[in-house]
Amino acid sequence: MALTKADIVEIIQEKTGNPKNLSADTVETIIEIIKNSLQNGDDVLISGFGKFCVKGKNKRRGRNPATGEDLMLQPRKVITFTCSNKLREKINR
Amino acid sequence: MNKLEFISALKTEANISKSDAAKVIQIFFDSMADAMAKGERVEIRGLCSFYVKDYKSYTGRNPKTGEKVVIKPKKLPFFKCGKELKERVDY
């Protein structure tokens with residue numbers, strides 16, 4: 001089973017004793033802050049967890065795999081995640 | 001943005017105390033880390049998903065000395081960007 005937003009809300013509710021709607025709102029705000037920061041090109045560094053980075057990709061020549069046609073892929077931005085050592089150790093324990 | 005800046009942002013935007021903001025952020029990321037430690041997937045709609053990928057043992061090289069080293073099998077979280085985040089970052 002995957003951990004979803006609803007599960008996280010529940011865990012926060014249990015651990016803080018805050019009501020469910022407040023916990024849900026806080027989780028939404030957290031997610032919005034991360035998205036906003038990345039949208040503005042600002043990396044998000046969470047010590048003990050990892051780093052979300054915005055990386056620019058150059059323009060390159062690609063190919064449409066269905067038709068085999070050549071096309072130019074425009075420069076774009078992608079998000080990368082680097083796992084912190086602490087998280088890595090936790091997963092490999 | 002680091003964790004401290006994150007805490008201040010959450011404090012302002014959610015109108016909660018700094019200690020509450022710090023606590024919730026900690027629980028938020030800890031719950032994801034705990035799930036991954038158990039080998040579970042994490043899926044946050046619109047933001048990202050993670051799953052734990054197994055890597056086999058292989059012989060690598062120390063790039064500095066050229067020496068051969070055996071890399072033990074390992075697990076790493078594999079990050080996948082959510083659709084909404086992708087569209088917002090690359091508009």
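Residues numbered from 1 in each chain as written. Chains lettered and ligands numbered in written order. Predicted model: local features only at pLDDT ≥ 70, side-chain atom pairs only at ≥ 80, totals over all residues. Heavy atoms only, no water.

1. Structural notes on the pattern of salt bridges
Selection rule: When a carboxyl oxygen of Asp or Glu lies within 4 Å of a side-chain nitrogen of Lys or Arg, that pair is called a salt bridge. Under the DSSP-based scheme used, a helix requires at least four consecutive residues in state H or I and a strand at least two consecutive residues in state E, with every element numbered from the N terminus. Type-normalised accessible area, obtained with a 1.4 Å probe on protein chains alone, sets the label of each residue: buried when under 20%, exposed when over 50%, and partly exposed for intermediate values.
Enumeration over the complete set of coordinates arrives at 9 salt bridges over all chains. Its salt-bridge partner being A:Glu28, residue A:Lys5 comes within 3.2 Å of it at the nearest N-O pair. Of the two residues, A:Lys5 sits in helix α1 (residues 5-16) while A:Glu28 sits in helix α2 (residues 20-39), which places them 23 residues apart along the sequence. In this structure, the salt-bridge partner of B:Arg88 is B:Glu84, at a minimum N-O distance of 3.1 Å. In this pair, B:Arg88 and B:Glu84 are both assigned in helix α3 (residues 83-89), 4 residues apart and thus about one turn of the helix distant. Relative accessible area serves as the criterion here: at 33%, B:Glu84 is assigned to the partly exposed category. Through salt bridges with shared partners, a single network forms among A:Glu32, A:Lys35, B:Glu84 and B:Arg88.

2. Examining the sheet that holds strand β2 (residues 44-46) of chain A
Residue and element names in this part refer to chain A. To keep things clear, this is the line we draw: Here the rule is simple: two strands pair whenever DSSP picks up at least two bridges between them. Note on method: axes are straight lines fitted to C-alpha atoms, helices fitted across the in-contact stretch only, with angles between N-to-C directions ranging 0 to 180 degrees. Note on contacts: a residue pair is in contact if any heavy atoms of the two residues lie within 4.5 Å.
What the 3 strands build is an open sheet, ordered β2-β3-β6; its pairing is antiparallel. Of all the strands in the sheet, just β2 and β6 (76-83) have a single pairing partner and so form its edges. Across the sheet, the mean angle from the axis of one strand to that of its neighbour is 25°, orientation sign disregarded. Two elements, β2 and strand β3 (residues 50-57), share 3 bridges in a ladder whose sense is antiparallel. Its bridge partner being in β3, Ile46 is matched across the sheet by Gly50. Sheet strands touched by α2: β2, β3 and β6. Its angle to β2, the strand with the most contacts, is close to 135°.

3. Description of the interface of chain B and chain A
Heads up, the condition is: By buried area we mean how much accessible surface two parts lose on assembly, using a 1.4 Å probe and totalling the loss over both. Polar contacts, as used here, are pairs of N or O atoms within 3.5 Å; protein pairs need one atom able to donate a hydrogen and one able to accept it. Residues neighboring in sequence count only if both atoms are side-chain atoms. All amino acids are sorted into three groups, where Ala, Val, Leu, Ile, Met, Phe, Trp, Tyr, Cys and Pro are nonpolar, Asp, Glu, Lys and Arg are charged, and the leftover types, Gly among them, are polar.
On the side of chain A, 43 residues touch chain B, which itself brings 46 residues to the contact. Contact with chain A buries area across many residues of chain B, yet B:Met1, B:Arg88 and B:Val89 alone supply 17% of it, more than any other trio. Inspection of the chain B/chain A interface yields 3 salt bridges. Here A:Lys90 ties to B:Asp34 by a salt bridge, and the two come within 2.5 Å at their closest N and O atoms. Connecting chain B to chain A are 13 residue pairs in polar contact (both at pLDDT 80 or more). Of all the secondary-structure elements, those providing two or more residues to the side of chain B that touches chain A are α1 (3-14), α2 (18-37), β1 (42-44), β2 (48-55), β5 (74-81) and α3 of chain B. Here the element with the most residues in the side of chain B that touches chain A is α2(B); it accounts for 14 residues. A breakdown of the residues in the side of chain B that touches chain A according to their chemical character gives 29 nonpolar, 3 polar and 14 charged. Direction of pairing for strand β1 (residues 3-4) of chain A relative to β1(B): parallel, over a ladder of 2 bridges. Among the inter-strand pairings, A:Thr4 is bridged to a residue of β1(B), identified as B:Glu43.

On their own, these measurements won't tell you what the molecule is for.
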